[in-house]
Protein chains: 2
Amino acid sequence: MNTALATRIEADPTVPAIRITREFDAPPSAVYRAHVDPELVVQWLGPRRLTMTLQRWEPETGGGYRYTHVGEDGVEHHFFGSFHELRPDERIVQTFTYAGFPEGVALETMTLVPLPDGRTRLEGFSLCDSFEARDGMLHSGMDEGVVEGYERLDEILS
Amino acid sequence: MNTALATRIEADPTVPAIRITREFDAPPSAVYRAHVDPELVVQWLGPRRLTMTLQRWEPETGGGYRYTHVGEDGVEHHFFGSFHELRPDERIVQTFTYAGFPEGVALETMTLVPLPDGRTRLEGFSLCDSFEARDGMLHSGMDEGVVEGYERLDEILS
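Parameters at a glance
Residues numbered from 1 in each chain as written. Chains lettered and ligands numbered in written order. Predicted model: local features only at pLDDT ≥ 70, side-chain atom pairs only at ≥ 80, totals over all residues. Heavy atoms only, no water. Contact = heavy atoms within 4.5 Å. Buried area = accessible area lost by both parts, 1.4 Å probe. Salt bridge = Lys/Arg side-chain N within 4 Å of Asp/Glu carboxyl O. Helix = DSSP H or I, 4+ residues; strand = E, 2+ residues; numbered from the N terminus. UniProt positions renumbered as here; feature names shortened; annotations may be inferred. Disulfide = S-S within 2.5 Å. Phe/Tyr/Trp six-rings, centres within 6.5 Å; stacked < 30°, edge-to-face > 60°. Buried < 20%, exposed > 50% of the residue type's maximum accessible area, 1.4 Å probe, protein only. Pairing = 2+ DSSP bridges. Least-squares fit on C-alpha atoms with pLDDT ≥ 70 in both. Polar contact = N/O pair within 3.5 Å; in protein donor to acceptor, adjacent residues only side chain to side chain.

A. Fine view of the interface of chain B and chain A. The partner chain A presents 34 residues to the 34 residues of chain B that form the contact. Around 2,200 Å² of area is buried between chain B and chain A when both sides are counted, 55% of it from carbon and sulfur atoms. Counting across the chain B and chain A interface gives 4 salt bridges. Note that Arg91(B) is salt-bridged to Glu103(A), the shortest N-O span being 3.5 Å. Taken together, the elements giving at least two residues each to the side of chain B that touches chain A come down to β4 (63–70), β5 (76–87), β6 (91–98), β7 (106–115) and β8 (119–127) of chain B. A total of 7 residues in the side of chain B that touches chain A trace back to one element, the largest contributor, which is β5(B).

B. Representation of the UniProt feature "domain: Activator of Hsp90 ATPase homologue 1/2-like C-terminal" (unreviewed entry) in chain A in the model. Here the UniProt-annotated "domain: Activator of Hsp90 ATPase homologue 1/2-like C-terminal" (unreviewed entry) positions come out as residues 25–157 of chain A. Across residues 25–157 of chain A, the secondary structure splits into 28% helix and 41% strand, with the terminal C-alpha atoms separated by 8 Å.

C. Geometry of the state of the cysteines. Throughout the structure, instances matching the rule amount to 0 disulfides over all chains. Of all cysteine sulfurs in the structure, the one in Cys128(B) sits closest to Cys128(A), which takes part in no disulfide; the separation is 15 Å.

D. Structural view of the packing of aromatic side chains. Per the counting criterion, the structure on display carries 18 aromatic pairs over all chains. Each ring, one from Tyr65(B) and one from Phe83(B), has its centre 5.3 Å from the other, and the planes form 50 degrees; the classification is tilted. With Tyr65(B) in strand β4 and Phe83(B) in strand β5, the pair connects residues that are 18 residues apart, well separated along the chain. Each residue in the set Trp57(A), Tyr65(A), Tyr67(A), Phe79(A), Phe83(A), Phe96(A) and Tyr98(A) is aromatic and connected to the rest through ring pairs, giving one cluster.

E. Main features of the pairing of β8(B). Residues and elements named next belong to chain B. Of all 9 residues that make up β8, 7 are buried, and the element is covered over most of its length. The pairing of strand β2 (residues 17–24) with β8 spans 8 bridges and is classified as antiparallel. Opposite isoleucine 18, over in β8, you have serine 126 as the bridge partner. Looking at chain direction, β7 and β8 are connected through 9 bridges and run antiparallel. Bridge pairing in β8 places leucine 107 opposite leucine 127.

F. Representation of the relation of the copies chain B and chain A within the structure. Of the transformation superimposing chain B on chain A, the axial component is 0.0 Å and the angular component is 180 degrees, with the fit at an RMSD of 0.0 Å. Here the symmetry operator amounts to a two-fold rotation axis.

G. Broad picture of the side chain of Asp12(A). Residues and elements named next belong to chain A. Inspection of the secondary structure puts aspartate 12 in the loop between β1 (8–11) and β2 (17–24). The exposure class of aspartate 12 is buried, given its relative accessible area of 7%. Among the polar contacts made by the side chain of aspartate 12, one reaches the main-chain amide nitrogen of valine 15 at a distance of 3.0 Å. Ignoring sequence-local partners within four residues, the contact set of aspartate 12 consists of Ala17, Arg19 and Arg134.

Right, here's the structure in full:
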């Protein structure tokens, strides 16, 4: 395994946030496009065992989104949020709620840092409103979806 | 001065957030409406010396907003964000950025608690991404706008 492609998921020591770091063997423009193009995002976001459908997808500053993940058991998981700000090829700031826990909201910032040789480092920062909520998200099994999702994203980018 | 109508603005001790508490002599439905109705919000949000105009105002879950405050000196202050979730008469969750400091984003939750005699307690929670950003917001002069804004809101509600 190429360790440069391993996903790091860490609890921030001072604020109730999760930090995610992942490198991709593709330029920022390609990684960015895979996060906003509705035909691409459904192909990689989340674990392989779930199928993603978009009910709303407005990837622009001030737009909203709503999507569903469904598994072979037919159980549906709904998510919604807003695109606070999109800076093409650089940064996406969005809100995120799992509808099964509607009181919880995370503020997520994704920054794309260009690296040599046309590579990209993705830096994710998911801010929760309490340390309890942050730890709950960290132990919710999110790592499965994040790690496997980025592996699927590698396949799309290659 | 009726101390029940005083605005409390406090730094949260454990997370990088500002907590605001204010009571209104009006029911939650009226306080809520004053936060979403575009013709009302421009009459009270912010200090009296500034005039507010809306460039975008979509008070619905997933909608966006953008507005300007301008003073007699003609200097314009721009703000934008998203309405993450609106629950009529109960709760508004939104993002907030002052365009003069575009890297900063706050995630703001306003909860309206019904009190006896048709009164309402507004509980605001503004979450920043670092303690430095929170302290910067706290010392930016925001208290002038919040305190005076809620006094103007009293006048609209009465």
